[in-house]
Amino acid sequence: VQLQASGGGLVQTGGSLRLSCVASGRIDRDATMAWFRQAPGNEREFVAAVFRRAGNKYYSDSVKGRFAISRDNAKNTVYLQMNSLTPEDTAVYYCAYDSRLILSSLWTWSNYDYWGQGTQVTVSS
């Protein structure tokens, strides 16, 4: 499975961006797709996920109410709509894919088998 992320950029505080991640290869429709982010000097942290075929959505507390994850199975694409951005959201954003996750493993980056290359999001104050 290959993942290609795009949509990052520079935006002012309060602005919005939409990230996209296209999956290709041997796609499992029951896979979980997620977004993580990593700021300089920090560990990679969970942002949001669409869990398996059921499509339940999960968010970190820091983005809940501001970010929305969605998935288009016909296009093998997951999106992250990011609104009300703040400088604390500045990071490299990575999409992730795994076909065997259980719910308790959703939040930890090391449980995912496949990763995109990352896209930089910078929010200026």
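Residues numbered from 1 in each chain as written. Predicted model: local features only at pLDDT ≥ 70, side-chain atom pairs only at ≥ 80, totals over all residues. Heavy atoms only, no water.

Draft legend 1. Just the pattern of salt bridges, in detail. Applying the stated rule across the entire model yields six salt bridges. For the salt bridge of D61 with K64, the shortest nitrogen-to-oxygen distance reads 3.3 Å. The exposure class of D61 is exposed, given its relative accessible area of 68%. In this structure, D89 engages R66 in a salt bridge whose closest nitrogen and oxygen atoms are separated by 2.8 Å. Separated by 23 residues along the polypeptide, D89 in the loop between β8 (77-82) and β9 (91-98) and R66 in the loop between β6 (56-59) and β7 (67-72) bring together distant segments of the chain. (Salt bridge = Lys/Arg side-chain N within 4 Å of Asp/Glu carboxyl O. Buried < 20%, exposed > 50% of the residue type's maximum accessible area, 1.4 Å probe, protein only. Helix = DSSP H or I, 4+ residues; strand = E, 2+ residues; numbered from the N terminus.)

Draft legend 2. Region of interest: the state of the cysteines. Across all of its chains, the model carries one disulfide by this definition. Sulfur-sulfur distance for the disulfide between C21 and C95 comes to 2.1 Å. Taking the sign of the S-S torsion, about 60° here, the bridge from C21 to C95 comes out right-handed. Of the two residues, C21 sits in strand β3 (residues 17-24) while C95 sits in strand β9, which places them 74 residues apart along the sequence. By the burial criterion, C21 is buried, and C95 matches it. (Disulfide = S-S within 2.5 Å.)

Draft legend 3. Quick look at the sheet that holds β3. Taken together, four strands build an open sheet; the order of strands is β1-β3-β8-β7 and the sheet is antiparallel. Each end of this open sheet is capped by a strand with a single partner; those strands are β1 (2-6) and β7. The sheet shows a mean angle of 15° between the axes of neighbouring strands, direction not considered. Summarising the sheet, β1 and β3 pair through five bridges and their orientation is antiparallel. (Pairing = 2+ DSSP bridges. Axes fitted to C-alpha atoms, helices over the stretch in contact; angles between N-to-C directions.)

Draft legend 4. Spotlight on the packing of aromatic side chains. As enumerated under the stated definition, the model contains ten aromatic pairs in all. Among the aromatic residues, ring-to-ring pairing joins F36, F46, F51, Y58, Y94, W107, W109, Y112 and W115 into one connected group. Sitting above the plane of the Y94 ring, R44 keeps its charged end 3.8 Å from the centroid. The cationic tip of R44 hangs over the ring face of W109; the distance from NZ or CZ to the ring centre is 5.8 Å. (Phe/Tyr/Trp six-rings, centres within 6.5 Å; stacked < 30°, edge-to-face > 60°. Lys NZ or Arg CZ within 6 Å of the ring centre and 35° of its normal.)

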